[in-house]
Amino acid sequence: MLKSHNCGQLREEHINQTVTLAGWVNRRRDMGGVIFIDLRDRDGITQVVINAGHSQATFDTAEQIRNEYVLQIKGTVGRRPEGQENAEMTTGDIEVTADEVTILNKAKTPPFAINRDHNVDETVRLKYRYLDLRRQKMQSNLIIRHKAIKFIRDFLDERGFIEIETPILFKSTPEGARDYLVPSRVQPGKFYALPQSPQQLKQLLMVAGYERYFQIARCFRDEDLRADRQPEFTQLDMEISFVERDDILNLIEELMKGMIKTASRLPLAWDEFPRLSYHEAMERFGSDKPDLRFGLELTDLSDIAAESGFKVFTDTVKAGNPVKAICVPGAASYSRKQIDDLEAIAKANGAKGMPWIMLKQEGGVKGFISKFFSDEQMNAIIERMDAKAGDLLLFASDSKWVVYAALGALRTEMGTRLGLKDTGTLGFCWIVDFPLFEENLENGFYAPSHHMFTAPKPDHIPMLDSDPASVLSDQYDLACNGFEVAGGSIRIHERGLQRKIMELIGFSIEEAKEQFGHLLEAFEYGAPPHGGIAPGIDRLVALMAGEPNIREVMAFPKTAQATDLMSESPSFVAQQQWDDLHIQPAKAM
RNA sequence: GGGGGCGUGGUGUAGUGGUUAACACGCCGGCCUGUCAAGCCGGAGAUCGCGGGUUCGAUACCCGUCGCUCCCGCCA
């Protein structure tokens, strides 16, 4: 090795030892006759001292050194002079006096500062990702990620899980997200697909008798990107045989707690993860991934609104839809502009408008809908919402989905604006008892709300015949701070039930055989009851690192346009490559 | 597919319908033997993303376009 110690390693106990360090120049301070170099490697930073009186050749070399040069330093560890210690540095009590300085490599001045944590345009960061990743913050993020994954592997190994790799080249299915396709060279006209998740394969591993499987699995979805969505991302994919829902919830809860204790920058907001039904989450928070770190809950006012003189509300309730509101404390002083901003959020989420009522500090109410309510009705609203003078009430009346979306978005926005979220903590909750089917029929058939292998709750199975729309499933999600961080379900392992579900969703035997034939056939050879879950590693690590998007915890992420600014991919390919793959462009490019 | 925001020396920002586009950091040179965001002195560095329009005059206003970003749709 070109070094004997790491740069974060040396302490008082090493004093008088001769050491060799190697790393990058974090900063150079040239005092004329003495030069200080902060030498940085992944482990930390050590101050190196180069004295003019010590060795002229070494000093001459040090004069030429610039930031980010790669150096090897041979020298002696010494105690810093009295009063010169740096309490900010873990190595701040010592320094290395250089006997020899070797420039292992020079470096151009980087396009942005490596030695400083400051905002840099993300275009530049992504183009020079290798320099961005050199920054302490990014190294720390990737180390959190490593620790999390290491914890997961150890935790699951101790509990009898085995890690099995599944193919990246697999089969396209029209269900779900858009597939990334890979044309076959040896099978003209045919395509592989990159897996959206190893869903089918892990179920087949259950049929194969592996009982407890996991994989740190790369997944691919060709959909538009978001702060928490990349075209390729990593899931902790898991499946367990002979398992019941609560076994999985309890296991994952223990795993999350251990992982956060081991790897997370932020602590848990609370120890036990609350379990909410999907219905309760939507009604109270307008989201199936609610941020429970603050209140501002949705309140149903349909009954009072139905008696009001406001036609929009009365019509809504007559149509069987809700009128709901949230109470924003202290926001009655909001300006027209601020209200307009909030209304824009409601509209962006499908609402046609955002009626509001201000409870004036000096008493009385303001807002054009207030005149449609009697004093009695207004008091009932205020009482039910536990509102006080100075508060602002924001309403939504529409289909319940629009009401959830609009008020859910407003709730999140106001939670941020008013600083109600404890942003330094992680607030987990389980969402359970999802509907088995989407509410709206598609072409006269039900659509699965998760996927077609999700099992109904056992005591709801009879309702598949009488009232399919009301059937709840053994599907569950884990949410944290308003993000979905895991989703899973107990699967259907029994053929008759699977056939019934396929009939309800209008899936013919022929279609099923075409797409899932291997899986359905496998289920006829003794499939054990099984279920699983898939936590999203990128989202969890971003949350644990306190980062606002998952690019900050991925080494080489893509832009919102799904490009890589460093390698400039995707890229055009030679005509020969098209020919080899038996494909051609749809039009001249 | 739709909507919002941003784009000014290497980096981060300021700025204005009108003379030479300002500041900090960085960079280059000089001084300096105890600094640690070193300090002091001097210097270089910007066709204000690109194209078009309005105007006597555009970095600024308008349109388009490209890039980055956030959101809706989409993501079983």
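Can you explain the pattern of salt bridges? Please cite residues and give values.
Inspection of the entire model under this criterion finds 43 salt bridges. A salt bridge links Arg218 to Glu232; the nearest nitrogen and oxygen atoms lie 2.8 Å apart. Remark: Glu232 occurs in strand β10 (residues 232–241) and Arg218 occurs in strand β9 (residues 212–220); sequence separation between them is 14 residues. Take Arg218: its relative accessible area is 41%, and that puts it in the partly exposed class. Under the relative-accessibility criterion, Glu232 is labelled partly exposed at 25%. Between Glu413 and Arg417 there is a salt bridge; the shortest N-O distance is 2.7 Å. Taken together, the positions of Glu413 and Arg417, both in helix α12 (residues 400–417) and 4 residues apart, correspond to about one turn of that helix. The class for Glu413 is partly exposed, based on a relative accessible area of 26%.

Could you give me a rundown of the nonpolar core, with the residues and numbers involved?
By size, the foremost hydrophobic cluster in this structure holds 67 residues, and its most contacted members are Leu156, Leu236, Met238, Met256, Phe428 and Leu478. When residues of this core are assigned to their parent elements, the largest contribution, 9 residues, is made by helix α6 (residues 245–263). Beyond its immediate stretch of four places on either side in the chain, Leu478 contacts Ile252, Met256, Phe273, Phe428, Cys429, Trp430, Phe483, Glu484, Val485 and Ala486. In this structure, Leu292, Phe294, Ala351 and Ile431 belong to the second largest nonpolar core, which totals 36 residues.

Residue-level account of the environment of Asp60, with values.
By secondary structure assignment, the location of Asp60 is in helix α1 (residues 56–64). The exposure class of Asp60 is partly exposed, given its relative accessible area of 38%.

Mind laying out the protein's contact with RNA strand B, listing which residues take part and the relevant values?
In the vicinity of RNA strand B lie 51 residues, with Arg27, Gln84, Glu95, Asp121 and His450 positioned nearest. The sugar and phosphate moieties of RNA strand B supply 54% of its atoms located within 4 Å of the protein. In the model, a base nitrogen of RNA strand B is placed 3.4 Å from a nitrogen or oxygen of the Gly32 main chain. A distance of 2.7 Å separates a base nitrogen of RNA strand B from a polar atom in the side chain of Asp224. Elements represented by at least two residues in the surface near RNA strand B include exactly β1 (18–30), β2 (34–41), β3 (44–51) and α2 (122–127). Taken together, the residues of the surface near RNA strand B break down into 14 nonpolar, 21 polar and 16 charged.

Report on the packing of aromatic side chains, specifying residues and quantitative values.
According to the stated counting rule, one finds 13 aromatic pairs in the structure shown. Each ring, one from Tyr278 and one from Phe434, has its centre 5.0 Å from the other, and the planes form 35°; the classification is tilted. On the criterion of sequence distance, the pair formed by Tyr278 in helix α7 (residues 278–285) and Phe434 in the loop between β17 (428–432) and α13 (463–466) is long-range, its members being 156 residues apart. A residue is classified by how much of its surface remains accessible, and Tyr278, at 15% relative accessible area, is buried. When the centroid spacing of 4.9 Å and the interplanar angle of 35° are considered together, the rings of Phe437 and Tyr446 count as tilted. The exposure class of Phe437 is buried, given its relative accessible area of 3%. Ring pairs connect the aromatic residues Phe310, Phe313, Phe368, Phe372, Phe373 and Phe395, which therefore count as one cluster. The aromatic ring of Phe273 is capped on one face by Lys257, whose charged end is 5.6 Å from the ring centroid. Over the aromatic face of Phe294 sits the side chain of Arg411, whose NZ or CZ is 4.0 Å from the ring centroid.

Account for the domain arrangement of chain A, with residues named and values stated.
What the domain assignment reports for chain A is domain 1 (12–105), domain 2 (138–275 + 429–434 + 473–493 + 528–553) and domain 3 (294–420). The distance between the C-alpha centroids of domain 2 and domain 3 comes to 38 Å.

Explain the packing of helix α5 (residues 199–207) against helix α15 (residues 509–522) residue by residue, including any values.
Relative orientation of the contacting elements α5 and α15 amounts to 20°, with a least axis distance of 10 Å. Taken together, the axes of α5 and α15 lie roughly parallel to each other. Remark: the crossing between α5 and α15 carries left-handed chirality. The segment α5 lies against α15, with Gln200, Gln203, Leu204 and Val207 engaging Gln515, Phe516, His518, Leu519 and Ala522. Grouping the constituent residues of the contact of α5 with α15 by class yields 5 nonpolar, 4 polar and no charged.

Help me get a handle on α1, residues and values and all.
By the burial criterion, the buried members of α1 are Thr58, Phe59 and Ala62. Down the axis of α1, the buried side of the element spans an arc of 100°, and every buried residue falls inside it. On its buried face, α1 is in contact with β1, β2, β3 and β5 (94–105).

What counts and what doesn't
Residues numbered from 1 in each chain as written. Chains lettered and ligands numbered in written order. Predicted model: local features only at pLDDT ≥ 70, side-chain atom pairs only at ≥ 80, totals over all residues. Heavy atoms only, no water. Salt bridge = Lys/Arg side-chain N within 4 Å of Asp/Glu carboxyl O. Helix = DSSP H or I, 4+ residues; strand = E, 2+ residues; numbered from the N terminus. Buried < 20%, exposed > 50% of the residue type's maximum accessible area, 1.4 Å probe, protein only. Core = buried A, V, L, I, M, F, W, Y, C linked by side-chain atoms within 4.5 Å. Contact = heavy atoms within 4.5 Å. Near = heavy atom within 4 Å. Polar contact = N/O pair within 3.5 Å; in protein donor to acceptor, adjacent residues only side chain to side chain. Nonpolar A, V, L, I, M, F, W, Y, C, P; charged D, E, K, R; others polar. Phe/Tyr/Trp six-rings, centres within 6.5 Å; stacked < 30°, edge-to-face > 60°. Lys NZ or Arg CZ within 6 Å of the ring centre and 35° of its normal. Domains from an automatic or database assignment. Axes fitted to C-alpha atoms, helices over the stretch in contact; angles between N-to-C directions. Parallel < 35°, antiparallel > 145°, perpendicular 65-115°, else oblique. Left-handed = near helix turned anticlockwise from the far one by under 90°. Arc of directions from axis to C-beta.

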